[in-house]
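In case you want the letters, here they are:
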Amino acid sequence: MFRQLLSANITRINLTSTPPPEATMATPAIYQQYTETTFFVLPLYIITIIVGTVGNGLVFRSYLVDKSAHSCIFRFLIANLSVADLILCALFTPILLVYRSNASAMLIAKTPLCEGCIFLSMLSISMMYAIFPLLALHRKDVMLNPREPKMTMKQVQKIVAVFWSFCCVTSLGLVGMAWRNFLNENNTNPKFYRCLLINTEVDAFTVYFLGYSSLLYGLSIAITVSIYWTINKHMNSNLSGVNASADERHVTKMCFWIAIVYTVCWTPFLVVQLSGIFGQYSEVYFNLHACSSGVGVIGSAINPIVYAVMDPYYRATLLPFVKTANKNNKQ
């Protein structure tokens, strides 16, 4: 009798102490955005949207209007780079601005813009790093093989078309990985974290994103640096056949600085991503992610300024617009 009562009491205790299924599920970690972070990133986003959209828009417009530029490989590559920058400045950064200006509202997660963030950011950044080595190869042709260039305009156009197609497919693949993650019942991370490319742990989405990004980033930088190193070595030598044009040398330096600007701006973002998932992700990393994204996108606004400062062709395109804007403001 005593054993039966004891067994019944133990059963009753186990039944009452077992939490409901809802209680056993892990609650999602919602990290808070610091006020200092908001004040740091919002000006960067606004500058990127205004300066980047206008500047890159004018650069691309100059290519469309100037028929002579259509036969120039350099102008063609810069035009495609400006389109990639436009996607980032005019489409992706405004979404970042909406979210970071009121992070607690989680507005991005409630609209299709969430998946759009993933596609737009990956497409634009991928194209930037795909074009850099091609631009470097072209400058090598101009400086070291001016009489017998290895790349023709048709070849470059085909390569760029393949790059756009590849980057679109890869970006759509990342969106597909995100959907798979969103539909996973065991996933507790807020949807908008993935849309802002915030990775708090190593999973299939993270492996896809970081694997592809690191490979593209690493290969692009390695190839680009190697080519410019070769160009610089030959330019400083007395070998015959090297292009002695001061204008072409100046353009080559400009292309090198463009790659430097992108790399300096986006390296902090990649470092924060890697340190966040392989370390202990915390609220500090969440805020560092915001700051590094602000520094990253501002690179797309800096480039038109680099064009105008270092290339008379783009200076003639951009400065009249600036003068007209100043005149209208004074009136």
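Residues numbered from 1 in each chain as written. Predicted model: local features only at pLDDT ≥ 70, side-chain atom pairs only at ≥ 80, totals over all residues. Heavy atoms only, no water.

- Within an unreviewed UniProt entry, the label attached to the protein chain reads G-protein coupled receptors family 1 profile domain-containing protein, and the organism entered is Exaiptasia diaphana.
- We quote the UniProt Subcellular location (unreviewed entry) comment for the protein chain here in full: "Cell membrane". (UniProt positions renumbered as here; feature names shortened; annotations may be inferred.)

### Concerning the side chain of Ser-300
- Looking at the secondary structure, you find Ser-300 in helix H10 (residues 283-310).
- One polar contact links Ser-300 to Asp-85, side chain to side chain, over a distance of 2.7 Å.
- Every residue in contact with Ser-300, bar those within four places of it in the chain, is listed here: Gly-52, Asn-56, Asp-85, Leu-88, Cys-89, Met-128 and Tyr-262. (Helix = DSSP H or I, 4+ residues; strand = E, 2+ residues; numbered from the N terminus. Polar contact = N/O pair within 3.5 Å; in protein donor to acceptor, adjacent residues only side chain to side chain. Contact = heavy atoms within 4.5 Å.)

### Quick word on the pattern of salt bridges
- Taken as a whole, this structure holds two salt bridges when the rule is applied.
- Between Asp-311 and Arg-75 there is a salt bridge whose closest N-O contact spans 3.0 Å. Taken together, the positions of Asp-311 in the loop between H10 and helix H11 (312-330) and Arg-75 in helix H4 (residues 73-101) put the pair 236 residues apart, joining distant regions of the chain. Each member of the pair, Asp-311 as well as Arg-75, carries the same accessibility label: buried.
- Between Glu-248 and Arg-139 there is a salt bridge, with the nearest N and O atoms lying 2.7 Å from each other. (Salt bridge = Lys/Arg side-chain N within 4 Å of Asp/Glu carboxyl O. Buried < 20%, exposed > 50% of the residue type's maximum accessible area, 1.4 Å probe, protein only.)

### Side note on the packing of helix H3 (residues 35-65) against H4
- Interhelical geometry of H3 versus H4 gives an angle of 150° and a closest axis separation of 8 Å. Judged by the angle between their axes, H3 and H4 are roughly antiparallel. In this structure, H3 meets H4 at a crossing whose hand is left-handed. (Axes fitted to C-alpha atoms, helices over the stretch in contact; angles between N-to-C directions. Parallel < 35°, antiparallel > 145°, perpendicular 65-115°, else oblique. Left-handed = near helix turned anticlockwise from the far one by under 90°.)

### A closer look at empty space enclosed by the protein
- Counted according to the given criterion, the structure contains two cavities of 30 Å³ or more.
- Empty space within the largest cavity amounts to approximately 200 Å³.
- The wall of the largest cavity is formed by 13 residues, among which Ile-125, Tyr-129, Ser-213, Tyr-217 and Phe-269 lie closest to the centre.
- For the lining of the largest cavity, the secondary-structure elements that each account for two or more residues are helix H5 (113-144), helix H8 (204-235) and helix H9 (246-278).
- If one sorts the elements of the lining of the largest cavity by residue count, H8 sits on top with five residues.
- Reported here for the second largest cavity is a volume of approximately 70 Å³. (1 Å grid on protein atoms, 1.4 Å probe; cavity = no way out; pocket = protein on both sides within 12 Å on 5 of 7 lines; lining within 4 Å. Points joined across faces, edges and corners; volume = space filled by probe spheres on them.)

### Brief notes about the environment of Leu-44
- Within the element layout of this structure, Leu-44 appears in helix H3.
- With 53 residues separating them in the primary sequence, Leu-44 and Leu-97 have C-alpha atoms 9.4 Å apart.

### What about the UniProt feature "transmembrane region" (unreviewed entry) in the protein chain?
- The sites that UniProt annotates as "transmembrane region" (unreviewed entry) are residues 39-60, 72-98, 118-138, 159-179, 209-231, 255-278 and 284-309.
- The straight-line gap between the two end C-alpha atoms of residues 39-60 is 32 Å; of that span, 100% is helix and 0% is strand.
- The span residues 118-138 is 100% helical and 0% strand by assignment, and the distance between its end C-alpha atoms comes to 31 Å.

### Thoughts on H5
- Given a rise of 1.5 Å per residue, 32 residues ought to cover 46 Å, and the 46 Å separating the end C-alpha atoms of H5 matches this to within 8%.
- Taking burial as the measure, the 32 residues of H5 include 27 buried ones, the bulk of the element. (Expected span 1.5 Å × (residues − 1).)

### Quick look at a nonpolar patch on the surface
- On the surface, Ile-46, Ile-47, Ile-50, Val-51, Val-54, Ile-305, Val-309 and Phe-321 cluster together into a nonpolar patch covering about 660 Å² of accessible area.
- Elements that contribute at least two residues to the nonpolar patch include exactly H3 and H10.
- A per-element tally of the nonpolar patch places H3 first, with five residues.
- Checked against the element boundaries, Ile-47 lands in helix H3. (Patch = residues over 30% accessible without salt bridge, like charges linked within 9 Å, V, L, I, M, F, W, Y side chains within 5 Å. Areas by Shrake-Rupley, 256 points an atom, 1.4 Å probe, with all protein chains shown as cover.)

### Details of the packing of aromatic side chains
- Inspection of the entire model under this criterion finds 10 aromatic pairs.
- When the centroid spacing of 6.3 Å and the interplanar angle of 55° are considered together, the rings of Tyr-63 and Phe-76 count as tilted. On the criterion of sequence distance, the pair formed by Tyr-63 in helix H3 and Phe-76 in helix H4 is long-range, its members being 13 residues apart.
- We classify Tyr-63 as buried; its relative accessible area is 12%.
- Residue Phe-76 is classed as buried on the basis of its relative accessible area of 11%.
- Here the aromatic rings of Tyr-228 and Phe-256 are separated by 5.4 Å at their centres, their planes lie at 75°, and the arrangement is edge-to-face. A residue pair is termed long-range when its members are at least 10 positions apart, and Tyr-228 in helix H8 and Phe-256 in helix H9 qualify at 28 residues.
- Residue classification places Tyr-228 among the buried residues on the basis of a relative accessible area of 7%. (Phe/Tyr/Trp six-rings, centres within 6.5 Å; stacked < 30°, edge-to-face > 60°.)

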